[in-house]
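# Working through the structure, step by step
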Amino acid sequence: MTDPIADYLTRLRNAIMANHRVVEVPASNLKKEITKILFEKGYILNYKFEDDGPQGTIKVALKYNPKTKESAIRSLKRVSKPGLRKYTGYKDMPRVINGLGIAIISTSKGVMTDKEASVQKIGGEVLCYIY
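The structure presented is a predicted model; accordingly, all values stated were derived computationally and were not measured. (Residues numbered from 1 in each chain as written. Predicted model: local features only at pLDDT ≥ 70, side-chain atom pairs only at ≥ 80, totals over all residues. Heavy atoms only, no water.)

Further remarks concern the pairing of strand β2 (residues 44–50). Pairing between β2 and strand β3 (residues 57–62): six bridges, direction antiparallel. If you follow N46 over to β3, its bridge partner there is A61. Between β2 and β3, which follow one another and run antiparallel, lie six residues, and G53 among them has a positive phi close to 80°. (Pairing = 2+ DSSP bridges. Helix = DSSP H or I, 4+ residues; strand = E, 2+ residues; numbered from the N terminus.)

This part covers the sheet that holds β3. For sheets, the rule is that strands pair by backbone hydrogen bonds, running either parallel or antiparallel. Strand order in this open sheet of three strands is β1-β3-β2, and the pairing throughout is antiparallel. Strand pairing shows two members of the sheet lacking a second neighbour, β1 (22–26) and β2, which therefore form its edges. Sheet twist, expressed as the mean angle between neighbouring strand axes with direction ignored, is 20°. Contacts from helix α2 (residues 29–40) reach β1, β2 and β3 within the one sheet, and its direction differs from that of β2 by about 155°. (Axes fitted to C-alpha atoms, helices over the stretch in contact; angles between N-to-C directions. Contact = heavy atoms within 4.5 Å.)

What follows covers α2. Between its terminal C-alpha atoms α2 stretches 17 Å, which fits the 16 Å expected from twelve residues at 1.5 Å a residue. If you check which residues of α2 are buried, you get K31, I34, T35, I37 and L38. Seen along its axis, α2 keeps its buried residues to an arc of 160°; they face one direction. Pointing more than 90 degrees away from the buried face of α2 are the exposed residues N29 and E40. Positive backbone phi, at 85°, marks G42, one or two positions downstream of α2. (Expected span 1.5 Å × (residues − 1). Buried < 20%, exposed > 50% of the residue type's maximum accessible area, 1.4 Å probe, protein only. Arc of directions from axis to C-beta.)

It is worth spelling out helix α1 (residues 4–17) at this point. Compared with an ideal rise of 1.5 Å per residue, which puts 14 residues at 20 Å, α1 spans 20 Å between its outermost C-alpha atoms and is within 8% of the ideal. Every buried residue of α1 is listed here: I5, D7, Y8, L9, L12, A15 and I16. After α1 finishes, the residue N19 shows a positive phi value of roughly 55°.

This part takes up a nonpolar patch on the surface. Taken together, I97, L100 and Y131 make up a surface patch of nonpolar side chains, about 310 Å² in accessible area. Of note, Y131 is situated in the segment after β8 (124–130). Taking the relative accessible area as the measure of exposure, Y131 reaches 32% and is therefore partly exposed. (Patch = residues over 30% accessible without salt bridge, like charges linked within 9 Å, V, L, I, M, F, W, Y side chains within 5 Å. Areas by Shrake-Rupley, 256 points an atom, 1.4 Å probe, with all protein chains shown as cover. Salt bridge = Lys/Arg side-chain N within 4 Å of Asp/Glu carboxyl O.)

In structure tokens:
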């Protein structure tokens, strides 16, 4: 697999389209950090890290509106790909749907959202957009 982050986002996207409650993905430290950000920002209901086997898995409980059955995540888009990396400085940080969504940035101080990176005045690689 050349792009594990794209695989992670695709598994979430497919589970949302199929209205699954829980999705299981192979774990990595970067995926764990992205999952924590999704939970903190309210895009997923819960998560659980399981250390079975050499790699482990992440179980993600997806969040849906109880009345309309619509997912909290409307769109997941991979920005920086292995063939074309996208970097940004803190001055020209991307705005996802005019500030309503989040961009997940991999910085020298760890994985964080675009707003947190702007406050700390650090740039980095733009991993994905979520709204």
